[in-house]
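# Structural overview for review
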Amino acid sequence: MNFNRVAPYFEPLEKIVFRNQMQLCRTAYLSDLPSLTKIAVIGEGDGRFLLEILKQTQCPKVHYIDSSKVMLEMAQSRIRQQLPEALSRVHFYLCDLANDDMPDDQYDLIVTNFFLDVFNEPTLTATVSKIVRSCSKNAIWLYADFQVAGGKLMQLRALAWLKTMYLFFKLVARIQAPTLIDPASLLETHGFQLINQAEFARGLMRAEFRKRV
Ligand SMILES: C[S@@+](CC[C@H](N)C(=O)[O-])C[C@H]1O[C@@H](n2cnc3c(N)ncnc32)[C@H](O)[C@@H]1O
């Protein structure tokens, strides 16, 4: 799996296809966050969410984690240009979570935006377990991703979109997932209970605020 090739086109493509809906979905619960001490933003890509979380929280340790060198460089340059005063609060980790361990532990916030959908079932299960082990006791998990939900017509629409997107990302990034696996039950098994959720793009995407209890 490698997002280097598609990294420069990610934002323009997203805006053409979904306008601002993905960013609204990513940032849905930013204003609901309590004071935090250590955040992991995993599979964060080009850093658009990272910029917002740095603006909206004063957390002293924000760990950006991604396996794509190009994505990481784009995120670094975004923060350097648009919020240089926050650079001292961010660590950038080039890290492939399918193979590597989390860079640190005791995270009180985990963010996975449009990240868990790239994995097949065994890797998804293993990666989520690895992330869970790096969390603090009452950690929060912000999740945003596509979904198949609603009535028959809405589900057919979602399935058609997902088929197109998975074909595209298989070609350009060699993603391993053959189709979308909804991780809700997996997160619940690990004690991350759903506190709030919201839908975007007429039900095609879902943002969740979960908390470990
Ligand atoms: C679909 S993109 C989503 C990017 C961003 N979070 C967003 O909301 O647009 C998936 C991201 O996860 C990263 N990624 C894929 N597999 C990974 C892995 N095993 N470990 C860490 N990052 C990974 C990719 O490099 C890419 O930046």
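Residues numbered from 1 in each chain as written. Predicted model: local features only at pLDDT ≥ 70, side-chain atom pairs only at ≥ 80, totals over all residues. Heavy atoms only, no water.

The protein is annotated in an unreviewed UniProt entry as tRNA (Cmo5U34)-methyltransferase from Gimesia panareensis.

## What about the nonpolar core?
One finds Ile 53, Trp 141 and Phe 146 to be the most contacted residues of the largest nonpolar core, which totals 74 residues. With 8 residues, strand S5 (residues 135-146) is the largest single contributor of residues to this core. (Core = buried A, V, L, I, M, F, W, Y, C linked by side-chain atoms within 4.5 Å. Buried < 20%, exposed > 50% of the residue type's maximum accessible area, 1.4 Å probe, protein only. Helix = DSSP H or I, 4+ residues; strand = E, 2+ residues; numbered from the N terminus.)

## What to know about the site of the ligand
Around the ligand there are 19 residues in total, and Arg 26, Gly 43, Asp 66, Asp 96 and Asn 113 lie nearest to it. With respect to the ligand, the backbone of Gly 43 contributes an N or O atom lying 2.6 Å from a nitrogen atom. Relative to its free-state accessible area of 590 Å², the ligand is covered by the protein chains to the extent of 96%. Of all the cavities here, the one that holds the ligand is the largest pocket. (Near = heavy atom within 4 Å. Polar contact = N/O pair within 3.5 Å; in protein donor to acceptor, adjacent residues only side chain to side chain. Areas by Shrake-Rupley, 256 points an atom, 1.4 Å probe, with all protein chains shown as cover. 1 Å grid on protein atoms, 1.4 Å probe; cavity = no way out; pocket = protein on both sides within 12 Å on 5 of 7 lines; lining within 4 Å. Sits in = over half its atoms within 2 Å of the grid points.)

## So, the pattern of salt bridges
This model, assessed by the stated rule, comprises 14 salt bridges. Arg 26 is the salt-bridge partner of Glu 14, the closest N and O atoms lying 2.7 Å from each other. With Glu 14 in helix H1 (residues 7-18) and Arg 26 in helix H2 (residues 21-26), the pair connects residues that are 12 residues apart, well separated along the chain. Arg 48 is the partner of Glu 14 in a salt bridge, and the nearest nitrogen-oxygen pair spans 3.0 Å. Of the two residues, Glu 14 is situated in helix H1 and Arg 48 in helix H3 (residues 48-56); the sequence distance between them amounts to 34 residues. Residue Arg 48 is classed as buried on the basis of its relative accessible area of 8%. (Salt bridge = Lys/Arg side-chain N within 4 Å of Asp/Glu carboxyl O.)

## Overview of empty space enclosed by the protein
Overall, the coordinates contain 1 cavity of 30 Å³ or more when judged by the stated rule. Estimated volume of the largest cavity: approximately 30 Å³. In this structure, the largest cavity is lined by Cys 25, Arg 26, Ala 28, Tyr 29, Leu 142, Tyr 143, Ala 144, Ala 207 and Glu 208. Listing elements by their share of the lining of the largest cavity, those giving two or more residues are H2, S5 and strand S7 (205-212). In terms of residue count, S5 provides more of the lining of the largest cavity than any other element does, 3 residues in total. Residues that form the lining of the largest cavity fall into these classes: 7 nonpolar, no polar and 2 charged. (Points joined across faces, edges and corners; volume = space filled by probe spheres on them. Nonpolar A, V, L, I, M, F, W, Y, C, P; charged D, E, K, R; others polar.)

## Digging into the pairing of S5
Among the 12 residues that make up S5, 10 are buried, leaving the element largely enclosed by the rest of the structure. Handedness of the β-α-β unit built from strand S4 (residues 107-113), helix H5 (residues 121-133) and S5 comes out right-handed. In the sheet, S5 pairs with S7 via 7 bridges, with the strands oriented antiparallel. Directly across from Tyr 143, in S7, lies its bridge partner Glu 208. (Right-handed = clockwise from strand over helix to strand, strands pointing away. Pairing = 2+ DSSP bridges.)

## Section: the packing of aromatic side chains
Enumeration over the complete set of coordinates arrives at 10 aromatic pairs. With a centroid separation of 5.9 Å and 40° between ring planes, the pair formed by Phe 10 and Phe 169 is classed as tilted. A residue pair is termed long-range when its members are at least 10 positions apart, and Phe 10 in helix H1 and Phe 169 in helix H6 (residues 152-173) qualify at 159 residues. For the ring pair Phe 18 and Phe 146, a centre distance of 5.7 Å and an interplane angle of 45° mean the geometry is tilted. Linking Phe 18 in helix H1 with Phe 146 in strand S5, this pair joins segments that are 128 residues apart in sequence. Here the two residues Phe 18 and Phe 146 agree in accessibility, since each one is buried. (Phe/Tyr/Trp six-rings, centres within 6.5 Å; stacked < 30°, edge-to-face > 60°.)

## Structural notes on H1
The terminal C-alpha atoms of H1, which comprises 12 residues, lie 17 Å apart, in line with the 16 Å expected from a rise of 1.5 Å per residue. All buried positions along H1 are accounted for by Ala 7, Phe 10, Glu 11, Glu 14 and Phe 18. One side of H1 holds all its buried residues, which, seen down the axis, span an arc of 95°. The exposed residues of H1 that point more than 90 degrees off its buried face are Tyr 9 and Ile 16. Looking at the buried positions of H1, the neighbouring elements they touch are H2, H3, helix H4 (69-82), S5, H6 and S7. Residue Arg 19 follows H1 closely and has a positive phi angle near 50°. (Expected span 1.5 Å × (residues − 1). Arc of directions from axis to C-beta. Contact = heavy atoms within 4.5 Å.)

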